[in-house]
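# A look at the structure
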Amino acid sequence: VEQAHRLRWDAEWSQVLDWSDAPFARWFVDGRLNVAVNCVDRHVDDGNGDRVALYWEGEPGDTRTITYAQLRDDVCRAANALTELGVGTGDRVAIYLPMIPEAMVAMLACARIGAAHSVVFGGFSAEALRSRIDDAQAKLVITADGGYRRGGASALKPAVDEAVEQTPTIEHVLVVRRTGQDVAWTEGRDVWWHDVVNTQPATHAAEAFDSEHPLFILYT
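Note that the coordinates shown come from a computational prediction; the quantities given were computed from them, not determined experimentally.

## With respect to the overall build of the protein
When you go through the protein residue by residue, the secondary structure sums to six helices and 13 strands. By the compact-globule yardstick of 17 Å for 220 residues, the protein fits well, its C-alpha radius of gyration being 18 Å. A principal-axis box enclosing the C-alpha atoms of the protein has dimensions of 55 × 40 × 30 Å. The 220 residues of the protein split such that 45% are buried. Here the protein has roughly 11400 Å² of accessible surface; of this, 49% comes from carbon and sulfur atoms. Side-chain charges in the protein split into 20 positive and 33 negative, and the spacing between the mean points of these groups amounts to 3 Å.

Structure follows, in structure tokens:
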């Protein structure tokens, strides 16, 4: 309880643990909060917006330093973009990205709007991605043209294209330009991150969700 009070709650819980339906536990019953707000916004609001949230080093040698204030702006833009693409509370989003800051932004943006995200390792096959999209009934895939591994550029989008051919629930594929390599493009379905995210306003009114609201899906 002491640690829980360090978080920002929009509505406090009535009971810490409900064990009446054992072995199924319900934690912080009736409590409402937003994970993204607790990860980002509250630090900005507490005067720490200029502190670094992410130090990132890319394999080719590129680096980015992102403060909490910058991260909040990026997450708000991404949340607005997801909403524009038809993603809402309770929807599922598959994330198939290299290790870039946009992966963190995507996860936080999903949490901000109450959509569950499912991170799929970028080295997994199209079939592995397809099965996870299909099981989650995801509406959106967030990917990149490619990523860097062991010094060279490797493609990511071809696996997404192959997977999405067999996943009718997918409405859009949101693509980060990372390597600059040529990619196949399906008009109306595929959208560039820089076109749809970077043009959004950097403000977003976050909604609070029940403490038991699903945050992510992890396939093992």
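## Thoughts on the layout of surface pockets
For the largest pocket, the calculated volume is near 480 Å³. Taken together, 27 residues line the largest pocket, and the ones lying closest to its centre are Leu97, Pro98, Met99, Ile100 and Ala103. Taken together, the elements giving at least two residues each to the lining of the largest pocket come down to strand S4 (52-57), strand S6 (92-96), helix H3 (101-113) and strand S9 (146-149). For the second largest pocket, the calculated volume is near 230 Å³. Going through the elements one at a time, strand S2 (24-29) and strand S13 (209-210) are the ones with two or more residues in the lining of the second largest pocket. Of the residues assigned to the lining of the second largest pocket, the class counts are ten nonpolar, four polar and one charged.

## Details of the nonpolar core
Membership of the largest hydrophobic core comes to 51 residues, with the highest contact counts inside it found for Ile142 and Trp193. In terms of residues, this core owes the most to one element, H3, which gives eight residues. Among residues more than four places away in sequence, those in contact with tryptophan 193 are Ala78, Glu102, Val105, Ala106, Ile142, Leu174, Val175, Val176 and Asn198. Trp9, Trp13, Phe28 and Leu33 belong to the second largest nonpolar core, which has five residues in total.

## Quick look at the side chain of arginine 178
Mapped onto the elements of the fold, arginine 178 is located in the loop between strand S11 (172-176) and strand S12 (190-192). Of the polar contacts made by the side chain of arginine 178, one reaches the side chain of aspartate 62; its length is 2.6 Å.

## Some remarks on the sheet that holds strand S7 (residues 116-119)
The strands making up a sheet associate through hydrogen bonds between their backbones, and the pairing can be parallel or antiparallel. Pairing in this open sheet of five strands is parallel, and the strands run S7-S6-S8-S11-S12 from one edge to the other. Of all the strands in the sheet, just S7 and S12 have a single pairing partner and so form its edges. Shown here is a sheet whose adjacent strand axes are inclined to one another by a mean of 25 degrees, direction ignored. As defined by bridge partners, S6 adjoins S7 across four bridges and the pair is classed as parallel. Along S7, the bridge assignment pairs valine 93 with histidine 117. In this fold helix H5 (residues 157-164) packs onto S6, strand S8 (140-144), S11 and S12, with an angle of close to 160 degrees to the strand it touches most, S8.

Rules used throughout
- Residues numbered from 1 in each chain as written.
- Predicted model: local features only at pLDDT ≥ 70, side-chain atom pairs only at ≥ 80, totals over all residues.
- Heavy atoms only, no water.
- Helix = DSSP H or I, 4+ residues; strand = E, 2+ residues; numbered from the N terminus.
- Rg over C-alpha atoms; globule rule 2.2 N^0.38 Å.
- Buried < 20%, exposed > 50% of the residue type's maximum accessible area, 1.4 Å probe, protein only.
- Areas by Shrake-Rupley, 256 points an atom, 1.4 Å probe, with all protein chains shown as cover.
- Lys, Arg positive; Asp, Glu negative; His and termini not counted.
- Charge placed at Lys NZ, Arg CZ, Asp CG, Glu CD.
- 1 Å grid on protein atoms, 1.4 Å probe; cavity = no way out; pocket = protein on both sides within 12 Å on 5 of 7 lines; lining within 4 Å.
- Points joined across faces, edges and corners; volume = space filled by probe spheres on them.
- Nonpolar A, V, L, I, M, F, W, Y, C, P; charged D, E, K, R; others polar.
- Core = buried A, V, L, I, M, F, W, Y, C linked by side-chain atoms within 4.5 Å.
- Contact = heavy atoms within 4.5 Å.
- Polar contact = N/O pair within 3.5 Å; in protein donor to acceptor, adjacent residues only side chain to side chain.
- Pairing = 2+ DSSP bridges.
- Axes fitted to C-alpha atoms, helices over the stretch in contact; angles between N-to-C directions.

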